[in-house]
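Architecture at a glance
Listed below, chain by chain, are the residues.
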2 protein chains.
Amino acid sequence: MTLTDAAGWLSDRDGFLILTHARPDGDTLGSAATLCSALRRLGKRAYLFDNPEITPKFVPFINEFVLPGGESFDHAVSVDIASPGLFPQGFEGRVELAIDHHPSNSGFGENTLLDAGRSSCGEIVLELIAALAGGITKREADLLFIAVSTDTGCFQYANVTEGTFLAAAELARAGADTAGLSRLFFRTFTRARLALEGEIYSGLRAFHNGEIVASVITLDMVRRAGVTENDMDDVAALPGRVEGHQVSITLRENENGTTRVSLRSGARVNVSKIAALFGGGGHAMASGCTIKALPDKALDMLLPPLEAALDASGEA
Amino acid sequence: MTLTDAAGWLSDRDGFLILTHARPDGDTLGSAATLCSALRRLGKRAYLFDNPEITPKFVPFINEFVLPGGESFDHAVSVDIASPGLFPQGFEGRVELAIDHHPSNSGFGENTLLDAGRSSCGEIVLELIAALAGGITKREADLLFIAVSTDTGCFQYANVTEGTFLAAAELARAGADTAGLSRLFFRTFTRARLALEGEIYSGLRAFHNGEIVASVITLDMVRRAGVTENDMDDVAALPGRVEGHQVSITLRENENGTTRVSLRSGARVNVSKIAALFGGGGHAMASGCTIKALPDKALDMLLPPLEAALDASGEA
């Protein structure tokens, strides 16, 4: 479906339920809430599905849009959902319009508005609302700024294009509080999270001339810092901040004595092959596995194949 | 001077020395190097002044532009320098063109191209080069992306406008390596710096129901982490990452037994008044002073006036 088709499809209907994906992030929530807000401005009934996994930071931004108990809907629309496995239960086969930017979108929607060249669904929804409602409100600009900025790591990731910055310029022009939202989403952490970061940074270990950096997160560290699962966003990215490394490992102790392993890499080592040795998988630059051992022992098991892969890559 | 005037002034001359400010940052260096590169493309002789305080991260980007010993110049141009106190010695009264975005620019230049509405000199130089040379190269796009992104804290600060994002879009279109440069300048740190951050986060202290957050950096911590002055960029911003605080204090022990204090605040407390109590000064939201005592004692001296100011602000 083209953008104009999708805008027409929405214009012709009423009574929308908008679905966000499992473990919802800023893009799925901000884009869905913006679509909901714009549909309401057009006098339509529209709600967000009450995603049970929303983290506290997002609640004040999307609360007013969530479907109250007892309300009905006629048309299900998904935003930023790539495959049925990321759906709320019970919606398989019922999505009439899927709005997405993932190249891997499985085509589950009756209609699909897909643009895999966009950093975020927020970029797509910005254009969709222009076609649908002639422009966005200040509130919608805030929601879309959350979508675009969080999905690009604050404009730092490789998915950022000229179009991403043009979208951000349009959001700033429409009144988005870029500084306040950036502070909230990129520079504000609980004391517990910072205490855990402190322990992680203090305990970083380096191997193979600094090409491998490892971070161990034990249950003891988690308890000492007092963090909850909401504080654990993206902890696997922290050892990757060390300059000069090629591979970073995060080893997180599970309650049952096993260790959850995250591997991140630059171009030299395909870490999905390492993860596969331990029954895991993922991408060449980001993969994971679970090892039935405590973190220190798991690290001992991971180092030999990683060092061999680095040696074989021949750039050392 | 208008932008067109400045472009004409540069076009009519040859033999430029471009000055950057004391403790040079990404904006002064990236903007100055871009101007130098564009002037050279026009067949002119142009060099950067060999600023003795350049930190290692910037060297590979600007090395080729630096004035070799023995070379002469005819016209001095300053970039991102607000006042003569930030000059290299010996250039007072010799700057023929000052390019700047600081509202406080003291007017020291014979000619001045000033736009205080810009986040960075990079935004101004981008337009200047368009007028001067018709556009920028890939290399210049990288240099200006360093300028704009570092002066805005990666698009997070309050100085960001629609124009900032439009400039970034233009740089992306011209081939700037936005992802690689963002990684280098915002997500890459020495192990020593991360070890120090670890100690700082682990040792954060909270007072007055969490409204005051304090970080103490002792000489012992600096030695243990093995950091150099190059690793100390912006450490005063770290305690400000704690959610819910109003005032953050960074206390850094000096070699002579005194303590360097940085105060940061939101809207409720004017910390320049607190700093003034101890002979310091600055802005309402960011100020500093030096106290003749070790950090713990200095903290004891700072807390009563800060708590009184918070109580008087009446929002607690």
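Residues numbered from 1 in each chain as written. Chains lettered and ligands numbered in written order. Predicted model: local features only at pLDDT ≥ 70, side-chain atom pairs only at ≥ 80, totals over all residues. Heavy atoms only, no water.

1. Focus: the interface of chain A and chain B
Buried accessible area, meaning the area lost when the parts come together, often serves as the stated size of an interface. Each partner contributes to the interface: chain A provides 39 residues, whereas chain B provides 39 residues. Per-residue buried area on chain A facing chain B is highest for Gln156, Phe165 and Arg241 of chain A; these three make up 21% of the total on that side. For arginine 241 of chain B, the salt bridge is made with glutamate 197 of chain A, and the minimal N-O distance between the two is 4.0 Å. Mapped by element, the contributors of at least two residues to the side of chain A that touches chain B are helix 6 (162-173), helix 7 (178-186), helix 8 (191-202) and strand 6 (205-207) of chain A. (Contact = heavy atoms within 4.5 Å. Buried area = accessible area lost by both parts, 1.4 Å probe. Salt bridge = Lys/Arg side-chain N within 4 Å of Asp/Glu carboxyl O. Helix = DSSP H or I, 4+ residues; strand = E, 2+ residues; numbered from the N terminus.)

2. With respect to the sheet that holds strand 9 (residues 259-265) of chain A
All names here are of chain A. Reading across from one edge, 6-7-8-9-11-10 is the order of the 6 strands in this open sheet, with mixed pairing throughout. Edge strands, defined here as strands with exactly one partner in the open sheet, are strand 6 and strand 10 (281-282). Pairing of strand 7 (residues 212-217) with strand 8 (residues 247-253), which is carried by 6 bridges, proceeds in the parallel orientation. Paired with serine 215 across the bridge in strand 8 is threonine 250. Contacting strand 6, strand 7, strand 8, strand 9 and strand 11 (286-291), helix 11 (residues 295-313) runs over the sheet at an angle of about 160° to strand 8. (Pairing = 2+ DSSP bridges. Axes fitted to C-alpha atoms, helices over the stretch in contact; angles between N-to-C directions.)

3. Digging into the domain arrangement of chain A
What the domain assignment reports for chain A is domain 1 (3-186) and domain 2 (191-312). Here the C-alpha centroids of domain 1 of chain A and domain 2 of chain A sit 32 Å apart. (Domains from an automatic or database assignment.)

4. Structural notes on the packing of helix 2 (residues 26-41) of chain A against helix 4 (residues 121-133) of chain A
All names here are of chain A. Put simply, helix 2 and helix 4 touch, their axes get as near as 9 Å, and they point 5° apart. Taken as axis vectors, helix 2 and helix 4 run roughly parallel relative to one another. Taken together, the residues of helix 4 that come into contact with helix 2 (itself represented by Asp27, Ser31, Thr34, Leu35, Ala38, Leu39 and Arg41) are Cys121, Gly122, Val125, Leu128, Ile129, Leu132 and Ala133. By residue class, the composition of the contact of helix 2 with helix 4 is 9 nonpolar, 3 polar and 2 charged. (Parallel < 35°, antiparallel > 145°, perpendicular 65-115°, else oblique. Nonpolar A, V, L, I, M, F, W, Y, C, P; charged D, E, K, R; others polar.)

5. Things to note about the packing of helix 4 (residues 121-133) of chain B against helix 5 (residues 138-151) of chain B
Residue and element names in this part refer to chain B. At a closest axis distance of 8 Å, the pairing of helix 4 and helix 5 adopts a crossing angle of 150°. Judged by the angle between their axes, helix 4 and helix 5 are roughly antiparallel. Of the residues in helix 5, those in contact with Gly122, Glu123, Val125, Leu126 and Ile129 of helix 4 are Glu140, Leu144, Ala147 and Val148. Here the contact of helix 4 with helix 5 is built from residues that sort into 6 nonpolar, 1 polar and 2 charged.

6. Topic: the side chain of aspartate 151 of chain B
All names here are of chain B. Within the element layout of this structure, aspartate 151 appears in helix 5. Among buried Asp, Glu, Lys and Arg side chains, aspartate 151 stands out as unpaired, with arginine 118 the closest opposite charge at 12 Å. A polar contact of 3.4 Å, which involves the side chain of aspartate 151, links it to the side chain of histidine 101. The residues touching aspartate 151, leaving out its near neighbours within four places in the chain, are Asp25, Asp27, His101, Ser119, Ser120, Tyr157 and Asn159. (Buried < 20%, exposed > 50% of the residue type's maximum accessible area, 1.4 Å probe, protein only. Lys, Arg positive; Asp, Glu negative; His and termini not counted. Polar contact = N/O pair within 3.5 Å; in protein donor to acceptor, adjacent residues only side chain to side chain.)

7. Quick notes on unusual backbone geometry
Residue and element names in this part refer to chain B. A positive phi angle is found at arginine 23, which is not glycine, with a value near 45°. In this structure, arginine 23 sits in the loop between strand 1 (16-19) and helix 2 (26-41). Residue classification places arginine 23 among the exposed residues on the basis of a relative accessible area of 66%. If you check the backbone angles, histidine 208 has positive phi at about 55° while not being a glycine. Locating histidine 208 in the fold gives a position in the loop between strand 6 (205-207) and strand 7 (212-217).

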